[in-house]
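Observations on the model geometry
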Amino acid sequence: MKSTQEERRPIRVLLTKLGLDSHDRGVIIVAMALRDAGMEVIYLGRRKTPEEIVTAAIQEGVDVVGLSSLADAHNVLAPKVIKLFKERGIEKELVILGGFVQKEDIPQLKEVGIAEVFGPGTKMEEIIHFIEENVS
Amino acid sequence: MYEKDKPANIKRAQESWEEKNIKQFENERKKEFLTESGIPLKRVYTPLDLADKGFDYLKDVNFPGEFPYVSGITPTMYRSQMWGITQYTGYPTPKESNEWWKIQIKAGAPFIVVAYDLPSQLGFDPDRALSQGEVGRVGVSMVSQKDWEVAFDGIDLGKVMVSQVYNAPAMVGVANYLCFAEKQGVNFNDLKGFCQNDILKEFIARGMFIFPPVPSIRLVVDLVSYCAKHVPQYLPLQVCSYHLSEKGANPVHEAAFSLSNAFAYFEAAQERGIDIDLFAPGIILLGTCNHAHFFEEIAKHRAMRKIYAEVLKERFKAKKSESQALKFFSGNGGVSLYQEQYLNNIVRNTVGALVGALSGIQYVNVRGYDEAFGIATNEALLTSIRTVQVVGYETGVMDVIDPLAGSYYVESLTKELEERIWKELKNIDDRGGALKCIETGYFQRKIAEDAYKWQKDFESGIKARVGVNCYRSEIEERPVKIYRCSPKVEEERISDIRELKRKRDNKKVKKAIDEIRATASAEATGSNNLMPPVMEAVKAYATTGEICDALREVWGEYTEISVF
């Protein structure tokens, strides 16, 4: 019984805006959708630096970190998040990126360790499905 | 028609028509037809609906230029003056922006709306750590009078209107504008630009806030009252419903929340003893004219004009018609445009422009068709200017004032929206007004709920978007050219700013900044205006970052409350 209960522990997700970009319509919708899908969602809010995000993720012990960026700073700031996780000895954190990301940027973002990039037009269920499939 | 068709006759005819067609009604496309605000729509509207709503032409519409200004804010509207056409743009550097703005002016749209980059909007100079990766990305990096000298080189501020989408540091933007106009020798009486300066909607939706609400409102009131006295034709406050709509607010929430923000500014001005008829004429509403839902968007503009006029007259005791008549600068939103089959966005823009024309707006701005891929290219911006010109000059829709007035449907919808917006305004008053609703997160939560509902309706196909969730194409279409800010811009801007800080008279800067700090520390009154010391600082080439830092020291920064 105990192990079943443990398996059912809700997935914990930290969602946050990344950098100075304030477009948060999308990330708040995603937060609501993940919550309705049974996940525990912590939304950190706007204007968060990579340092603040990584510190919060470690403190909260989340399974997934979702970064939201729509103002073209992702190439500089998203890899910093991954780097900081590595520096703190965390290699397996599932970090996903959503918002407005140019298509040609996606391969290099994945190479540094962003697990997936969800652009405009992504359905909420695609994000839910991806998280459920990839959280070990 | 009215005289001949007595209501009883129409009612009888309607009943028999409904009886006759009852089977056909069962085969309609949808069980219910709803507007974006969720207003259920009837199959058809008749004089009976106007009678039900107690429609009264003189009270509810009236002639153009007459209270409550529903049909239009002037007696002649577009018959004497077409709408002002503009584009919201800013390329990464002052120089590159200057090049585009000159093209835009030549294209017949001598009205620039400056899009700043995020660090400039948040009062961070390019050399700050927090600016890293953000400089020039979504607009022009422009933080000093030196930058203005480059950005507006060869652009006569006496002839070209300049509007700034600038909020928390709005005062610094206007000070730079006035300072540059002075250098060009332009008389302040001839300046006709705008500044957004609507900090309340930043807390609710757009997010570009710096200081806490109370000192933020002080800056707004200081700027508006300064301009009323010194730059009489300038509009120093655009109260924005646009960003609330972009964030997901349905039209009723969009209208009610933005109007309540406007009323909060008026209250703040009155508390400081500033005459409403000096303050209110400087205000314009930045509205939305999206292609969906066409009639509701038009009815919304009409209902907002009515409510605004009534409140200004009755609650704020405004006497001048310029105070009571609500001016609109409307555009369609970036959210209404898509990457998929992106050329369809030109059609959405066209319909949006038509909504604006039929709504009686004063200024219009439709987006670039490629905006879903990045900052719009010059080609897309030119197409947007041409789109509104075609609607304005070719279709004839602007030849008659308020052409949909008297439509059983549009008048019923206007009345219905008016009732719903009033109900929400009363609810906001019961909750303690706009500021309280921001502090408690009420506005933010309502908008998030609307946005989530919209998303679900969109994903389930209830809200159709051609090429996006229906009639999709197998082939992915992308524009040949997508605009992208060069990563080198950041280094260039950092070295520009450092050079400026080395070369200017730093003693003069320090003195001006000290004066700003002292004025900000003193109590806000009708005479203790921050604008004069800010003008002195920008003249001495102080940067936006330095001025904002001084204000941060005095007032602190706003921490957003969580609404999730």
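All figures in this text were calculated on a predicted structure; none of them were measured in a lab.

This part takes up the overall build of chain A. Summing up its helical and strand segments, chain A has six helices and five strands in all. Each helix and strand of chain A, ordered N terminal to C terminal, gives the series α-β-α-β-α-β-α-β-α-β-α. Scaling as 2.2 N^0.38, a compact globule of 136 residues should have a C-alpha radius of gyration of about 14 Å, and chain A matches this with 14 Å. A burial count over chain A gives 54% of its 136 residues as buried. Of the contacts made within chain A by residues no fewer than 6 positions apart, 71% connect residues no fewer than 24 positions apart. About 6400 Å² of surface is accessible on chain A, with carbon and sulfur atoms providing 50% of the total.

This brings us to the interface of chain A and chain B. Each partner contributes residues to the interface: chain A has 36 residues there, and chain B has 41 residues. For the pair chain A and chain B, the summed buried surface comes to about 3200 Å²; carbon and sulfur atoms form 55% of the total. On the surface where chain A and chain B come into contact, there are eight salt bridges. The shortest N-O distance in the salt bridge between A:Asp105 and B:Arg484 comes to 2.6 Å. Taken together, the links from chain A to chain B amount to 17 residue pairs in polar contact (both at pLDDT 80 or more). Counting only elements with at least two residues in the side of chain A that touches chain B, the list comes to α2 (25-36), β2 (40-43), α4 (74-87) and α6 (124-134) of chain A. Looking at the side of chain A that touches chain B, the element that brings in the most residues is α2(A), giving eight residues. The class makeup of the residues in the side of chain A that touches chain B is 15 nonpolar, seven polar and 14 charged.

Sheets are built from strands paired through backbone hydrogen bonds, the pairs being either parallel or antiparallel. Residue and element names in this part refer to chain B. Strand order in this open sheet of five strands is β1-β9-β8-β7-β6, and the pairing throughout is parallel. The open sheet has two edge strands, β1 (84-85) and β6 (237-240), and neither has a second partner. Packing of helix α12 (residues 251-271) onto the sheet brings it into contact with β6 and β7 (283-288), and relative to β6 it is tilted by some 145°. Here helix α14 (residues 294-314) sits on the sheet and contacts β7 and β8 (328-331); the angle it forms with β7, its principal contact strand, is near 155°.

Here we come to the sheet that holds β2(A). All names here are of chain A. Read across the sheet, five strands follow the order β2-β1-β3-β4-β5 without closing on themselves; strand pairing throughout is parallel. Strands with a single pairing partner mark the edges of an open sheet, and in this sheet they are β2 and β5 (116-118). The sheet shows a mean angle of 20° between the axes of neighbouring strands, taken without regard to direction. Where strand β4 (residues 94-99) and β5 come together, three bridges link them in parallel fashion. Each bridged residue has a counterpart across the sheet, and for Ile96 the counterpart in β5 is Glu116. Where α2 meets the sheet, its contacts fall on β1 (12-17), β2 and β3 (64-69), and the angle it forms with β1 comes to roughly 170°. Sheet strands in contact with helix α3 (residues 50-60) are β1, β2 and β3, and its direction is about 165° off that of β1.

Another point: the nonpolar core. Within soluble globular proteins, side chains that are nonpolar tend to cluster in buried spots. Formed by 136 residues in total, the largest nonpolar core has its most connected members in B:Trp83, B:Phe152, B:Leu178, B:Phe263, B:Phe266 and B:Ile421. The dominant element in this core, judged by the number of residues it contributes, is α12(B), at 12 residues. Of all hydrophobic cores here, the second largest spans 27 residues; its members include A:Ile11, A:Phe118, B:Ala448 and B:Ala451.

Residue and element names in this part refer to chain A. Two elements in contact, α3 and α4, have axes separated by 9 Å at closest approach and are oriented at 45°. Here α4 runs oblique to α3, going by the angle between their axes. Pair α3 / α4 crosses with right-handed handedness. Contacts between α3 and α4 involve Pro50, Glu51, Val54, Ala57 and Ile58 from the first element and Leu77, Lys80, Val81, Leu84 and Phe85 from the second. When its residues are assigned to classes, the contact of α3 with α4 shows eight nonpolar, no polar and two charged.

On to the packing of aromatic side chains. All chains considered together, the criterion is met by 36 aromatic pairs over all chains. Between B:Tyr177 and B:Tyr234, the ring centres sit 5.3 Å apart and the planes meet at 35°, which makes this aromatic pair tilted. Here the residue B:Tyr177 occupies a position in helix α8 (residues 170-184), and B:Tyr234 occupies one in the loop between α10 (213-230) and β6, the gap between them amounting to 57 residues. For B:Tyr177, a relative accessible area of 0% gives the class buried. The exposure class assigned to B:Tyr234 is buried, which follows from its relative accessible area of 2%. The cationic tip of A:Arg25 hangs over the ring face of B:Trp454; the distance from NZ or CZ to the ring centre is 5.6 Å. The residue whose ring lies beneath A:Arg47 is B:Phe209, and the NZ or CZ to ring-centre distance is 4.5 Å.

Time to look at the side chain of B:Gln389. Residue and element names in this part refer to chain B. With respect to the helices, strands and loops of the structure, Gln389 is situated in helix α17 (residues 378-394). On the basis of relative accessibility, which here comes to 15%, the residue Gln389 falls in the buried class. Those residues within four positions of Gln389 in sequence are excluded, and the remaining contacts are Ile85, Ala107, Gly108 and Glu394.

Here the focus is unusual backbone geometry. Residues and elements named next belong to chain B. The peptide bond linking Phe67 to Pro68 adopts the cis configuration, its omega dihedral lying at 0°. Note on placement: Pro68 falls in the loop between α4 (57-60) and β1. The step from Ala292 to His293 runs through a cis peptide bond, and the omega angle for that step is -10°. In this fold, His293 is placed in the loop between β7 and α14.

A few words on the environment of B:Pro119. Tracing the sequence through the fold places B:Pro119 in helix α6 (residues 118-121). Overall, the relative accessible area of 1% leaves B:Pro119 in the buried class. In the structure, B:Pro119 is positioned 432 residues away from B:Leu551 in sequence and 16 Å away in space, judged by C-alpha atoms. If we skip the residues at most four places from it in the chain, B:Pro119 touches A:Leu20, B:Phe124, B:Ser131, B:Glu134 and B:Val135.

Time to look at the pairing of β1(A). All names here are of chain A. The element β1 is extensively covered by neighbouring structure, given that six of its six residues are classed as buried. Going residue by residue along β1, you find Arg12, Leu14 and Thr16 tucked away on one face and Val13, Leu15 and Lys17 tucked away on the opposite face as well. Sheet topology note: the β1/β2 ladder contains four bridges and is parallel. When the bridges of β2 are listed, Leu15 appears paired with Tyr43. Each parallel crossover has a hand, and the one from β1 via α2 to β2 is right-handed.

What follows deals with α2(A). If you check α2(A), its first and last C-alpha atoms are 17 Å apart, about what 12 residues at 1.5 Å a residue would give, namely 16 Å. Counting buried positions along α2(A) gives nine out of 12 residues, so the element sits mostly inside the fold. Among all positions of α2(A), only A:Arg25, A:Val27, A:Ile28, A:Ile29, A:Val30, A:Ala31, A:Met32, A:Ala33 and A:Leu34 are buried. Those residues of α2(A) that are buried are in contact with β1, β2, β3 and α6 of chain A together with α11 (242-246) and α20 (442-459) of chain B. Of the residues flanking the end of α2(A), it is A:Gly38, one or two places downstream, whose phi is positive at about 95°.

Rules used in this analysis
- Residues numbered from 1 in each chain as written.
- Chains lettered and ligands numbered in written order.
- Predicted model: local features only at pLDDT ≥ 70, side-chain atom pairs only at ≥ 80, totals over all residues.
- Heavy atoms only, no water.
- Helix = DSSP H or I, 4+ residues; strand = E, 2+ residues; numbered from the N terminus.
- Rg over C-alpha atoms; globule rule 2.2 N^0.38 Å.
- Buried < 20%, exposed > 50% of the residue type's maximum accessible area, 1.4 Å probe, protein only.
- Contact = heavy atoms within 4.5 Å.
- Areas by Shrake-Rupley, 256 points an atom, 1.4 Å probe, with all protein chains shown as cover.
- Buried area = accessible area lost by both parts, 1.4 Å probe.
- Salt bridge = Lys/Arg side-chain N within 4 Å of Asp/Glu carboxyl O.
- Polar contact = N/O pair within 3.5 Å; in protein donor to acceptor, adjacent residues only side chain to side chain.
- Nonpolar A, V, L, I, M, F, W, Y, C, P; charged D, E, K, R; others polar.
- Pairing = 2+ DSSP bridges.
- Axes fitted to C-alpha atoms, helices over the stretch in contact; angles between N-to-C directions.
- Core = buried A, V, L, I, M, F, W, Y, C linked by side-chain atoms within 4.5 Å.
- Parallel < 35°, antiparallel > 145°, perpendicular 65-115°, else oblique.
- Left-handed = near helix turned anticlockwise from the far one by under 90°.
- Phe/Tyr/Trp six-rings, centres within 6.5 Å; stacked < 30°, edge-to-face > 60°.
- Lys NZ or Arg CZ within 6 Å of the ring centre and 35° of its normal.
- Right-handed = clockwise from strand over helix to strand, strands pointing away.
- Expected span 1.5 Å × (residues − 1).

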